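Summary of structural features
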Amino acid sequence: MSRSTVETEPGSEPPPPGDDHAFFGQPRGLLTLSGLEVWERFSFLGMQAILVLYFADTVAHGGMGMSSGTAASVSAAYGTLVYLVSVAGGWLADRMLGSYRAVLWGGILIACGHYSMAVPTATMTWVGLGLISAGTGLLKPNVATMVGKLYRTDDDRRDAGFALYYMAINIGAFAGPLITGWLGDHRGWHWGFSAAAVGMTFGLIQYVMGRRHLAGRKRAAEFALAPDAMRRAVLVIVLGILAAAVLATLLAVVGYLTMDRFVDLLTLISVIAPVVYFVVMFRSPRVTDEERGRLRPYIVLFLASTVFNFILFQAYSTMMLLAASNAETTILGYDFPASWYASALGAFEVALAPVVAALWVRMGHRQPHASNKIAIGVVLGGLSFLLMVLPTSGHSSDDYLMSAWWIVGSYFLLGLGDILLETSGMSATTKLAPAAFSSQTMSLWFLSLALANGIQAQTVKLYDDVSKPAYFGVNGAIAVAAGLAVMALAPWLRRTMHPVH
């Protein structure tokens, strides 16, 4: 089947017509999906902005009493689990639930998880994080896939649409830390988690109300299992979950499954899972030779995403810890919680995304190749860490305070890089995806985020043991080098990704 035609699969609904320009020149379904992600990011990143601070705070102040390195590592491990589950989310959508229902049930689980975390006990915190991980794994890969289904493959609005989508969801990324951060600082951490729960509830309401504008909203999965296979799959899933829960409980009771070992296990899985997934897709008889050829350059994009997101996710871990201990929390005479720095990242992405979207629309087919956009994003991510070498250098002790503008400047570079990489990466994924693995290929993109978090979960353990200039300098330099390497591969990437631009 030609990749320049509207891609529809058996049992699926065709996307809206190409003349649908109801939402800022984009399909009206983009408004519904963007609205859902506004509230999902409000809840997810609002919670994550205070999660590492909650872990590191003393028990007397309502925290978990972890060291800074452990708090950052556990927070990264949670992120690893979130994106690892996205593989199952993509498979469930393709084979059992369909994209619409997968997103709906994912949102319900996320809301339940945040409501659980609102209960001020350690047990409910872990229960809540488990529910959020499962829900996000269902929602994230499938809502991004639904955005791709709004466009024809040769529609020049696709990259601009993803940029607007990313701008919209970063409204939630901006507002979330403001609300949860203020509540966590003034009322207690669990009040912040409560606000995240309410936000996700709003997102679910508007998603259901706007479902008629979505492509692929049929109840049936596009590649549904046969009835007998469906029953077997449900049985295996239920028994597998129960067995894993029982085994984990027993290992924890006897003292073998410690937090450190659990973090290490997640890192190991985050390395193995994408390797296995690439092998499965390359060997699948349902993948054509043409599609298999476009998976090879996708490996490069996958690794570039891993490097960049290794830096990006530390905006909510090591950068947040640095802001809480060594950055001023006053601007123009106004005091604010350290967690509000996370809102700067969302604010920059909200402001810059429409500029980037307009630039791509104006340039049309003359815009840079997707691989170059991604490479520039990786370089900017590395520069955001290299910038932090300057204010953290030359101090005889750790009780200094840097100007707030250093962290704001770092988040500016990181935000611009995120727009370039994530929008182009998600858009390229929907273009390069083998038809039989549409939702699951988007899950593969999110596995790059799992790998980034898995690597981060190990690296941040060094945060307390090495100097801050060395920590940020080495990590930033590696990212810059990786971005330059992708630029050097640009001719091969353009050739092997053709006709995808």
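Nothing here was measured: the structure is a model prediction, and the numbers come from that model.

Time to look at the overall build of the protein. Broken down by element type, the protein carries 17 helices and 2 strands. When the 501 residues of the protein are sorted by exposure, 57% land in the buried category. Considering only contacts within the protein whose residues lie at least 6 apart along the sequence, 83% involve residues at least 24 apart. When the accessible surface of the protein is totalled, it reaches about 19700 Å², and 69% of it is carbon and sulfur.

Let us now look at the packing of aromatic side chains. Throughout the structure, instances matching the rule amount to 16 aromatic pairs. Taken together, a centroid distance of 6.2 Å and an interplanar angle of 55° make the contact between Phe278 and Tyr298 tilted. Taken together, the positions of Phe278 in helix H8 (residues 259-283) and Tyr298 in helix H9 (residues 289-312) put the pair 20 residues apart, joining distant regions of the chain. Of the two residues, Phe278 and Tyr298, both sit in the buried class. Three or more aromatic residues link up through ring pairs in this structure, and these residues are Tyr54, Phe55, Trp126 and Phe193. It is Arg187 that lies over the ring of Trp191; its NZ or CZ is 5.4 Å from the centre. Sitting over the face of the ring of Tyr463, Lys468 holds its NZ or CZ atom 4.6 Å from the ring centroid.

Side chains of Trp126, Met259, Phe262, Leu265, Leu268, Ile269, Val271, Ile272, Val276 and Val280 sit close together on the surface and give an oily, nonpolar patch of about 800 Å² of accessible area. For the nonpolar patch, the leading source of residues is H8, giving 9 residues. Mapped onto the fold, Val280 is located in helix H8. You can call Val280 partly exposed: its relative accessible area is 43%.

Detailed reading of the predicted coordinates is not advisable wherever pLDDT is low. Considering every residue of the protein, the mean pLDDT works out to 82; 89% of them sit at 70 or more. Across the protein, element-level confidence peaks in helix H16 (residues 468-488) with a mean pLDDT of 93 and bottoms out in strand E1 (residues 330-331) with 77.

Another point: the side chain of Thr125. Topologically, Thr125 is positioned in helix H4 (residues 122-148). Exposure remark for Thr125: the relative accessible area of 0% places this residue in the buried category. Sequence-distant contacts of Thr125, defined by excluding residues within four places in its chain, comprise Tyr54, Met117 and His190.

Where helix H2 (residues 68-97) contacts helix H3 (residues 99-117), the two axes come as close as 8 Å, and the packing angle between them is 130°. Taken together, the axes of H2 and H3 are oblique relative to one another. The crossing of H2 and H3 is right-handed. Mapping the contact onto sequence places Ala93, Met96 and Leu97 in H2 and Ser99, Arg101 and Ala102 in H3. Of the residues that constitute the contact of H2 with H3, the class distribution is 4 nonpolar, 1 polar and 1 charged.

The next thing to look at is the environment of Gly46. Mapped onto the elements of the fold, Gly46 is located in helix H1 (residues 29-56). As a C-alpha pair, Gly46 and Ala342 span 296 residues in sequence and 8.6 Å in three-dimensional space. Discounting chain neighbours no more than four positions away, the residues touching Gly46 are Arg41, Gly176, Pro177 and Thr180.

The next point concerns the nonpolar core. Among soluble globular proteins, nonpolar side chains are generally buried collectively. Counting 130 residues, the largest nonpolar core has Met47, Tyr165, Tyr207, Tyr341, Ile407 and Tyr411 as its most contacted members. In terms of residue count, H1 provides more of this core than any other element does, 13 residues in total. Those residues in contact with Tyr165 that sit more than four places away from it in its chain are Leu30, Leu33, Ser34, Glu37, Val143, Ala144, Val147 and Met426. Counting 6 residues, the second largest nonpolar core, distinct from the first, contains Leu92, Ala93, Met96 and Ala233.

Between H16 and helix H17 (residues 490-497), whose axes approach to 5 Å, the crossing angle comes to 55°. Here H16 is positioned oblique relative to H17, judged by the angle of their axes. Along the contact surface, H16 presents Val486, Met487 and Ala488, while H17 presents Ala490, Pro491 and Leu493. When its residues are assigned to classes, the contact of H16 with H17 shows 6 nonpolar, no polar and no charged.

Structurally, Ile132 can be placed in helix H4. The class for Ile132 is buried, based on a relative accessible area of 0%. Between the C-alpha atoms of Ile132 and Cys112, which are 20 residues apart in sequence, the distance is 7.7 Å. Here Ile132 is in contact with Phe44, Met47, Tyr78, Leu109, Ile110, Gly113, His114 and Met117, once residues within four sequence places are set aside.

This next bit is on the pattern of salt bridges. Summed over the entire model, instances satisfying the criterion amount to 5 salt bridges. Note that Glu37 and Lys140 form a salt bridge whose closest N and O atoms lie 3.0 Å from each other. Within this pair, whereas Glu37 is found in helix H1, its partner Lys140 is found in helix H4, the two being separated by 103 residues in sequence. You'll find Glu37 and Lys140 in the same group, each marked buried.

What follows concerns the environment of Tyr165. You can see Tyr165 is positioned in helix H5 (residues 157-186). Tyr165 sits 21 residues away from Ala144 along the chain, and the two C-alpha atoms are 9.2 Å apart.

On to H8. With 25 residues, H8 extends 36 Å between its outermost C-alpha atoms, agreeing within 8% with the 36 Å of an ideal straight helix rising 1.5 Å per residue. Taken together, the buried positions of H8 are Val263, Leu266, Thr267, Ser270, Pro274, Tyr277, Phe278 and Met281.

Right, let's get into the side chain of Glu37. What makes Glu37 buried here is its relative accessible area of 0%. When residues no more than four places from it in sequence are discounted, the contact partners of Glu37 are Leu139, Lys140, Val143, Tyr165 and Ile169.

Calculation rules
Residues numbered from 1 in each chain as written. Predicted model: local features only at pLDDT ≥ 70, side-chain atom pairs only at ≥ 80, totals over all residues. Heavy atoms only, no water. Helix = DSSP H or I, 4+ residues; strand = E, 2+ residues; numbered from the N terminus. Buried < 20%, exposed > 50% of the residue type's maximum accessible area, 1.4 Å probe, protein only. Contact = heavy atoms within 4.5 Å. Areas by Shrake-Rupley, 256 points an atom, 1.4 Å probe, with all protein chains shown as cover. Phe/Tyr/Trp six-rings, centres within 6.5 Å; stacked < 30°, edge-to-face > 60°. Lys NZ or Arg CZ within 6 Å of the ring centre and 35° of its normal. Patch = residues over 30% accessible without salt bridge, like charges linked within 9 Å, V, L, I, M, F, W, Y side chains within 5 Å. Salt bridge = Lys/Arg side-chain N within 4 Å of Asp/Glu carboxyl O. pLDDT = per-residue confidence, 0-100. Axes fitted to C-alpha atoms, helices over the stretch in contact; angles between N-to-C directions. Parallel < 35°, antiparallel > 145°, perpendicular 65-115°, else oblique. Left-handed = near helix turned anticlockwise from the far one by under 90°. Nonpolar A, V, L, I, M, F, W, Y, C, P; charged D, E, K, R; others polar. Core = buried A, V, L, I, M, F, W, Y, C linked by side-chain atoms within 4.5 Å. Expected span 1.5 Å × (residues − 1).

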